[in-house]
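# Coordinate inspection notes
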Amino acid sequence: MLQKAVFLIFFIIASCHGLYFHIGETERKCFIEEIPDETTVIVNYKVELYDPRSGGFMPSSPGIGMHVEVKDPDDKMVLSRVYSAEGRISFTSHTPGEHVICMYSNSTAWFSGSQLRVHLDIQVGEHAIDYANVAQKEKLTELQLRIRQLLDQVDQITKEQNYQRYREERFRQTSESTNKRVLYWSLAQTAVLLVMGLWQMKHLKSFFEAKKLV
């Protein structure tokens, strides 16, 4: 029971996080997110340009944007588009596993050796749902909205548990495959050693017979 509680806390913390990073004119930043299948992911970002006069970062100009690519665990392109300096990206996973989210600048002409600061916020599952908008559209009461949130959380936890079982199954298959390969390699080594031993014995016997020692 304690293990399940710890897993649930870790999942809730990991499902929503924000960060920022610096990127140069030729740099490409990629992030890996482990996402269950049929899960909505929303990426919010904002780009700021380094100001050498003030030594800080200022809002970027309209011409600055980011090229965003998302690939699924099978290395298939889920999304590839050029966005503006501030935006919101949304996609839904159809394959469980590690999704790679890459970002790089759409142009190098304006850089002049400067840097960008990119603020990034990735929200997964029910954290990606705007419940205020849902309540307004569906005209839900506070109690109904809370029930809706709980149902979405249960659904996301179920997806995450299914994904963990999927990972365990793949790990078990990999372990069994590795054990079989180790066994076959050991048998092959044993067979080679037996053949070499028999060949050496035959060669020595022929040598001694040629020397008339036997």
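Each remark here, short or long, concerns the structure printed above.
What you see is a predicted model, and the numbers here were worked out from it, not measured in a lab.

Now for helix 2 (residues 131-138). Listed as buried for helix 2 are Tyr 131, Val 134 and Ala 135. Along the axis of helix 2, the buried residues cluster in a sector spanning 95 degrees; they form a single face. In helix 2, the exposed positions angled more than 90 degrees off the buried face are occupied by Ala 132, Gln 136 and Lys 137. Where helix 2 is buried, its residues touch helix 3 (142-210). Within two residues after helix 2, Lys 139 carries a phi angle of roughly 55 degrees, on the positive side.

A word on the sheet that holds strand 8 (residues 97-105). Backbone-to-backbone hydrogen bonds pair the strands of a sheet. The strands run either parallel or antiparallel. In space, the 4 strands of this open sheet follow the order 2-8-5-6, with antiparallel pairing throughout. Taken across any chain shown, the strands that pair with only one partner, and hence form the sheet edges, are strand 2 (29-35) and strand 6 (77-83). Strand after strand, the sheet turns through a mean of 15 degrees between neighbouring axes, direction not considered. In this structure, strand 5 (residues 66-71) lies alongside strand 6, joined through 6 bridges in antiparallel fashion. Directly across from Val 70, in strand 6, lies its bridge partner Leu 79.

So, about the environment of Arg 117. Summarising the element assignment, Arg 117 is placed in strand 9 (residues 116-124). For the pair Arg 117 and Gly 56, spaced 61 residues apart in sequence, the C-alpha separation works out to 10.0 Å. Once residues lying within four places of it in the same chain are set aside, the contact partners of Arg 117 are Tyr 20, Phe 21, His 22, Lys 46, Val 47, Glu 48 and Phe 57. A distance of 3.2 Å separates polar atoms of two side chains, one belonging to Arg 117 and the other to His 22.

Throughout the structure, instances matching the rule amount to 6 salt bridges. For Arg 172, the salt bridge goes to Glu 176, with nearest N and O atoms at 2.7 Å. Residue Arg 172 and its partner Glu 176 are located together in helix 3, separated by 4 residues, close to a single helical turn. Arg 172 sits in the partly exposed class, given a relative accessible area of 38%. Here Glu 176 falls in the partly exposed class, since its relative accessible area comes to 38%. In this structure, a network of salt bridges that share partners links the residues Glu 169, Arg 172 and Glu 176.

Basis of the calculations
In this convention, every chain numbers its residues from 1, walking through the sequence in written order. This being a predicted model, a pLDDT of at least 70 is required before a residue's local features are given, and a value of 80 or more before pairs of side-chain atoms are given or counted; all residues contribute to the totals for chains, interfaces and linings. As a rule here, side-chain values cover all heavy atoms of the structure and leave hydrogens and water aside. Partly exposed describes any residue whose relative accessible area lies between the buried limit of under 20% and the exposed limit of over 50%, with all areas from a 1.4 Å probe on protein chains only and scaled to the type maximum. Runs of E in the DSSP output that reach at least two residues are strands. Runs of H or I that reach at least four are helices, and both are numbered from the N terminus. Arc, as used here, means the arc of the directions from the helix axis to the C-beta atoms. Two residues qualify as a contact provided that any one of their heavy atoms is within 4.5 Å of a heavy atom in the partner residue. Two strands are counted as paired when DSSP detects at least two bridges linking them. Whenever a helix is involved, its axis is fitted only over the stretch in contact; in every case the axis is a line through C-alpha atoms, and angles between N-to-C directions fall within 0 to 180 degrees. Distance and chemistry together define a polar contact, namely a pair of N or O atoms within 3.5 Å, with one atom able to donate a hydrogen and the other to accept it when in protein, and with adjacent residues in sequence counting only for side-chain atoms on both sides. Salt bridge, as used here: a side-chain nitrogen of Lys or Arg that lies within 4 Å of a carboxyl oxygen of Asp or Glu.

Nothing here speaks to function; it is all geometry.
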